[in-house]
Amino acid sequence: MPGSLYSLEVQPNIPPALACLHDFANNLYYSWSRKVRGLFFRMDAALWEACGHNPKIFLRRVAQERVDAALADPTYMFDLEETRAQFERYLSDPPHPEIAAHLDPHEDLIAYFCAEYGFHESFPIYSGGLGILAGDHCKAASDLGLPFVAVGLLYRVGYFTQTIDAQGQQVESFLPVNFDDLPISPVLDETGKELVFWLPLPGRQIAVKLWQAHVGRVRLILLDTDLAQNSPQDRAITYRLYGGDKSMRIQQEILLGMGGVRALRALGLHPSAWHVNEGHAAFLIVERCREYVAQGMGFEAALELTATNTVFTTHTPVDAGHDAFEIGLVEQYFRDIAHGMGLDFERFIRLGSVDATPSSFDMTTLALRGSRQHNGVSRIHGHVASRMARDLWPQIEPEENPVRYVTNGVHVSTFLAREWANLLDQRQRDWRLHLCDRDFWREALDQIPDHRFWSLRQSLKREMLDDVAQRIRDQHHRNGSSEAVIRKSLSVITQQDQDVLVIGFARRFATYKRATLLFNDLERLARLVNDDERPVVFIFAGKAHPADEPAQAMIRTIWEIAHRPEFLGRILLLEGYDMALARKLVTGVDVWLNTPEYPLEASGTSGQKAGMNGVVNLSVLDGWWGEGFEGDNGWAITPHGPEYSAEYRNSQEAHDLMEMLRKEVVPLYYHRDKGSFSSRWVALSKASMRSILPRFNSERMVLDYTRGFYLTALRNHKAFHAEGGQLARELAEWKARIRMTWPKIRAERVDLATTQLHHGEALEIKVAVDVDGLSAQDVRVECQFGRLSNSAHFELDSHYLLEADGQDEKGRQLYTLKMQPSLAGLQVYRIRIVPWHPALTHPYEMGCMLWL
């Protein structure tokens, strides 16, 4: 009987000349600096792969002789010193000119809360797109020099590791992480002790330890309850990302929102703007209100003071994706907190519901009520989100309610292939300073010869296919496949003497993403992929949530089809989707396929990552592609709206997809008019790159948030916190008066409506409003001019305000407009009344509007 196995790690002695490698390993700058990662790779490539690209593990396990060899290599040491100097320059670079002009790093601080962050595969506290988006937001904030702190939870196992078994079933493995392996360190207090604070929960207090990670120049604060002082149940709160039942979920969100605020206070940080990235963190609104009430402010004023500098971003166009908790569960955790703020529990529940008789407490509703700036994450999603939230502003048309949009973008330095970065460094060394400059990218890419462009794309594809081939071998060997099946599975992608068109589909598996739309007509698909003269391979990858059985069924369907004889080697399903595999796929495939059910794709960013690498998108016109498609930079499937049945939509859009593949995509790729390559494909690929990279990068995204949201929040912070929050008190009282009075407001037009005018003549409009005790300044009368479309939809041309003009004999307030119409011919106009206060962040945030 074999004896026990004992673990032993023999660590090298890292000499002072190489000590900066530890600095690199402890700053997530390595997640986007290929030069930094290259230093580890060059020291021991095999170990770098075996360590999962984790620099902290690498430095503990690399052999001493490898360290000594690097130290003795002049080229390595030169590159090390150059990279170290570049890193130090980056940390001390001045902020972006717009940031420097409008923000004071000594006074302004933006706090960003999110349940997950995806920086790199070596730091597994993310599940998918939301986390990677949050990671890119932090990276861009660092690049721009934005005064910014991020807050999240430190999960012991994070999300699951995926394998796919011999029956096509997803198998989830939850592997605990050793925090010593992560680029984090405990936060220390002024005495040098690890900072721990206590967070009250019903009947107990839980200990919360703070960790920090450095993301370039940005700090990420992470909360951890897996401490000896806590009960096993409380230690489990930060065990698993998106794990457990509703009780566990509400505890995680209390920790993130309320605990996150207390964490910043424990650090002595007092943000002047707060960004709630998805509803998971919305309880920070409750905690901040509780703070203000504890300082002597009434709840309504406290809510106003909290909301005025809070930004909320929603990412979810699917109702089921919004967290909602049963009233009884919320009461268990918040009845005492509500009473402590002077509220009865029914008033507290209305913060998270729009129903007269609430049946649940919705976190998105709480976030919307507790913020004054709200946005979706693409133009289409902004419209969807405004319609979903319309009940919060019942008298306002969704197009005019406060929900706006900022289209997501991705971090270029993270996702642009090393080969592209090297080529650009040779030709345009300052390209990183022009990330948002379309003219720059048009000129830069046009200067690259077509044959060089094609060659680089083919090189990236070959590197990706080699990686995919090894992954396929590993999967088959583990599942006990025969050598004949393995050879057939690899037969197309391992050919060295024939090109192959590779189409990728990789993302989280969810039913609305319709990963199986391609398979509606298997006979046509078989003919498409089995053309020996024009071979095509489809690569699929992605995880399904462990509780999402329909999504897991889609994985089984793809697995089953991929193992049919006619598709073996032509359709490949990869397991273990993570950021490392994502980087390979978005840089290496030829076409990026996306087939969501319109309008359920909030944004999607994988196609942006692919497009900036010269991959061509073929996508339903949803999410970001609704803005990104320009006619000559990819292909678009026109969606059918929700008024059609799902069966009809799927059938028609699957047919359109197959027609595009058969008639446009495949012929264009194999149209080798330049001998070894297709000049028309290169033109399409260049158009993809130059149109997508400058428009859909995270620098543009964070600048959009800064210009459109953060600066307003910072101005509000200064105005509303002056004189002990006096403006918040005044605005809260004014809103209470408006809510009481608005149902009694009556208005009528008192002039004779003119139906015809000659050019140059003035139109006079006079409206009498019974303001019921309000002042003339409390009410604004607006007039809109426009035309009616063929579908009788009002199309706005111009907007006017009527001026207060005394009172009539009935004591009603008069408002008058005298103007000359700017439009000629037949037009229409309409008149409406809204409450008005100069401290409103959005003119219609009260949701009150009366039409004449």
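A brief report on the enclosed structure follows. Treat the numbers as computed from the prediction; the structure is a model and nothing was measured. (Residues numbered from 1 in each chain as written. Predicted model: local features only at pLDDT ≥ 70, side-chain atom pairs only at ≥ 80, totals over all residues. Heavy atoms only, no water.)

Regarding its fold elements, the chain presents 30 helices and 28 strands. Over its C-alpha trace the chain gives a radius of gyration of 29 Å, about what one expects of a compact globule, namely 29 Å for 852 residues. Buried residues in the chain amount to 57% of all 852 residues. The long-range share in the chain, meaning contacts at least 24 apart out of those at least 6 apart in sequence, stands at 72%. For the chain, the accessible area works out to roughly 35000 Å², and carbon and sulfur atoms hold 50% of it. If you average the places of the 91 positive and of the 110 negative side-chain charges in the chain, the two averages end up 2 Å apart. (Helix = DSSP H or I, 4+ residues; strand = E, 2+ residues; numbered from the N terminus. Rg over C-alpha atoms; globule rule 2.2 N^0.38 Å. Buried < 20%, exposed > 50% of the residue type's maximum accessible area, 1.4 Å probe, protein only. Contact = heavy atoms within 4.5 Å. Areas by Shrake-Rupley, 256 points an atom, 1.4 Å probe, with all protein chains shown as cover. Lys, Arg positive; Asp, Glu negative; His and termini not counted. Charge placed at Lys NZ, Arg CZ, Asp CG, Glu CD.)

To continue, consider the environment of V171. Assignment of secondary structure puts V171 in strand β4 (residues 170–173). On the basis of relative accessibility, which here comes to 31%, the residue V171 falls in the partly exposed class. Along the sequence, V171 and K543 sit 372 residues apart, while their C-alpha atoms lie 10.0 Å from each other.

The side chains of a regular strand alternate, residue by residue, between the two faces of the sheet. For strand β15 (residues 501–506), the tally of buried residues reaches six of six residues, placing the bulk of the element in the interior. Alternating residues of β15 divide into L501, I503 and F505 and V502, G504 and A506, and every residue in both groups is buried. The sheet contact formed by β15 and strand β16 (residues 536–541) spans six bridges and is parallel. For G504, the partnering residue across the bridge sits in β16 and is I539. Tracing the backbone out of β15, into helix α22 (residues 522–529) and back to the parallel element β16 gives a crossover that is right-handed. The pairing of β15 with strand β18 (residues 591–594) spans two bridges and is parallel. Pairing of G504 across the sheet is with W592, part of β18. (Pairing = 2+ DSSP bridges. Right-handed = clockwise from strand over helix to strand, strands pointing away.)

Looking now at the pattern of salt bridges. Within this structure, the stated rule accounts for 57 salt bridges. Residue R204 is joined to D234 by a salt bridge in which the shortest nitrogen-to-oxygen separation is 2.9 Å. Remark: D234 occurs in helix α9 (residues 232–235) and R204 occurs in strand β7 (residues 204–215); sequence separation between them is 30 residues. Accessibility expressed as a relative area gives 4% for D234, which makes it buried. D532 is the partner of R570 in a salt bridge, and the nearest nitrogen-oxygen pair spans 3.7 Å. Here D532 lies in the loop between α22 and β16 and R570 lies in the loop between α23 (549–562) and β17 (571–574), a separation of 38 residues in the sequence. (Salt bridge = Lys/Arg side-chain N within 4 Å of Asp/Glu carboxyl O.)

At their nearest, the axes of helix α20 (residues 450–478) and helix α24 (residues 579–588) sit 8 Å apart, and the two run at 140° to each other. On the basis of their axis angle, the class for α20 and α24 is oblique. Every pair of crossing elements has a handedness; the one defined by α20 and α24 is left-handed. Counted together, R457, L460, K461, E463, M464, D467, V468 and R471 of α20 and L581, K584, L585, T587 and G588 of α24 form the full contact between these two elements. (Axes fitted to C-alpha atoms, helices over the stretch in contact; angles between N-to-C directions. Parallel < 35°, antiparallel > 145°, perpendicular 65-115°, else oblique. Left-handed = near helix turned anticlockwise from the far one by under 90°.)

For the rest of this paragraph, the subject is the packing of aromatic side chains. Tallied over the entire structure, the rule returns 40 aromatic pairs. A ring pair is formed by F179 and W211, whose centres lie 5.3 Å apart and whose planes are at 80°; its orientation type is edge-to-face. Separated by 32 residues along the polypeptide, F179 in the loop between β4 and β5 (185–186) and W211 in strand β7 bring together distant segments of the chain. Their ring planes at 90° and their centres at 5.0 Å tell us that Y669 and W681 sit as a pair that is edge-to-face. Residue Y669 is located in helix α27 (residues 646–669), and its partner W681 is located in helix α28 (residues 679–692); the two are separated by twelve residues in the primary sequence. Taken individually, Y669 and W681 each receive the classification buried, so the pair is uniform in this respect. In this arrangement the basic side chain of R240 is found over the ring face of F174, its NZ or CZ atom lying 3.7 Å from the centre. (Phe/Tyr/Trp six-rings, centres within 6.5 Å; stacked < 30°, edge-to-face > 60°. Lys NZ or Arg CZ within 6 Å of the ring centre and 35° of its normal.)

Let us now look at the side chain of N277. Assignment of secondary structure puts N277 in strand β9 (residues 273–277). A polar side-chain atom of N277 sits 2.7 Å from a polar atom in the side chain of H315. Once you skip the residues sitting within four places of it in the chain, N277 turns out to touch Y112, F113, C114, L130, L133, A134, T313 and H315. (Polar contact = N/O pair within 3.5 Å; in protein donor to acceptor, adjacent residues only side chain to side chain.)

This paragraph deals with the environment of K209. By the secondary structure assignment, K209 is in strand β7. Through-space distance from the C-alpha of K209 to that of G340 is 26 Å; in sequence the pair is 131 residues apart. With sequence-adjacent residues up to four places away left out, K209 is seen in contact with P186, E194, L195, V196, L222, L223, D224 and L227. A distance of 2.9 Å separates the side chain of K209 from the side chain of E194, its partner in a polar contact.

The strands making up a sheet associate through backbone hydrogen bonding, with each pair oriented either parallel or antiparallel. In space, the four strands of this open sheet follow the order β21-β22-β26-β25, with antiparallel pairing throughout. Where the open sheet ends on each side, the last strands, each with one partner, are β21 (746–749) and β25 (803–807). The mean angle between the axes of side-by-side strands here comes to 30°, regardless of whether they run parallel or antiparallel. Looking at chain direction, β25 and strand β26 (residues 813–819) are connected through three bridges and run antiparallel. Across the sheet, E803 pairs through a bridge with T816, a residue of β26.

The next thing to look at is the pairing of β4. Relative to β4, strand β3 (residues 161–164) runs antiparallel, the two being bridged by four bridges. Each bridged residue has a counterpart across the sheet, and for T163 the counterpart in β4 is V171. Hairpin connection between β3 and β4: a loop of five residues separates the two successive antiparallel strands, and G168 in this loop has a positive phi of roughly 80°.

In the contact formed by α20 and helix α21 (residues 483–490), the axes pass within 10 Å of each other and the chain directions differ by 155°. Comparing their axes, α21 and α20 come out roughly antiparallel. Seen from above, α20 lies across α21 with right-handed handedness. Residues A469, I472, R473, H476 and H477 of α20 lie in contact with α21, whose contacting residues are E483, V485, I486, S489 and L490. Partitioning the contact of α20 with α21 into residue classes produces five nonpolar, three polar and two charged. (Nonpolar A, V, L, I, M, F, W, Y, C, P; charged D, E, K, R; others polar.)

With respect to the helices and strands, the residue R832 is situated in strand β27 (residues 828–835). The buried category is assigned to R832, whose relative accessible area is 1%. One polar contact links R832 to E782, side chain to side chain, over a distance of 2.7 Å. A polar contact of 2.8 Å, which involves the side chain of R832, links it to the side chain of Y844.

In this section: the nonpolar core. By size, the foremost hydrophobic cluster in this structure holds 176 residues, and its most contacted members are F123 and F348. Of all the elements, helix α29 (residues 698–721) adds the most residues to this core, at ten residues. Sequence-distant contacts of F348, that is, excluding residues within four places in its chain, are made with V286, V330, F334, A338, M341, L343 and F361. In this structure, Y126, A515, V666 and M689 belong to the second largest nonpolar core, which totals 72 residues. (Core = buried A, V, L, I, M, F, W, Y, C linked by side-chain atoms within 4.5 Å.)

With that settled, the discussion passes to helix α8 (residues 129–144). An ideal rise of 1.5 Å per residue puts 22 Å on 16 residues; α8 measures up with 22 Å between its terminal C-alpha atoms. α8 sits mainly inside the fold: 14 of its 16 residues count as buried. In the stretch just after α8, G145 is the one whose phi turns positive, near 75°. (Expected span 1.5 Å × (residues − 1).)

A full pass over the atoms with the stated rule returns zero disulfides. Residue C20 stays outside any disulfide, its sulfur separated by 18 Å from that of C51, the closest cysteine. According to the relative accessible area criterion, C20 is buried, its value standing at 8%. (Disulfide = S-S within 2.5 Å.)

Remember, this is a structural readout, not a statement about activity or role.
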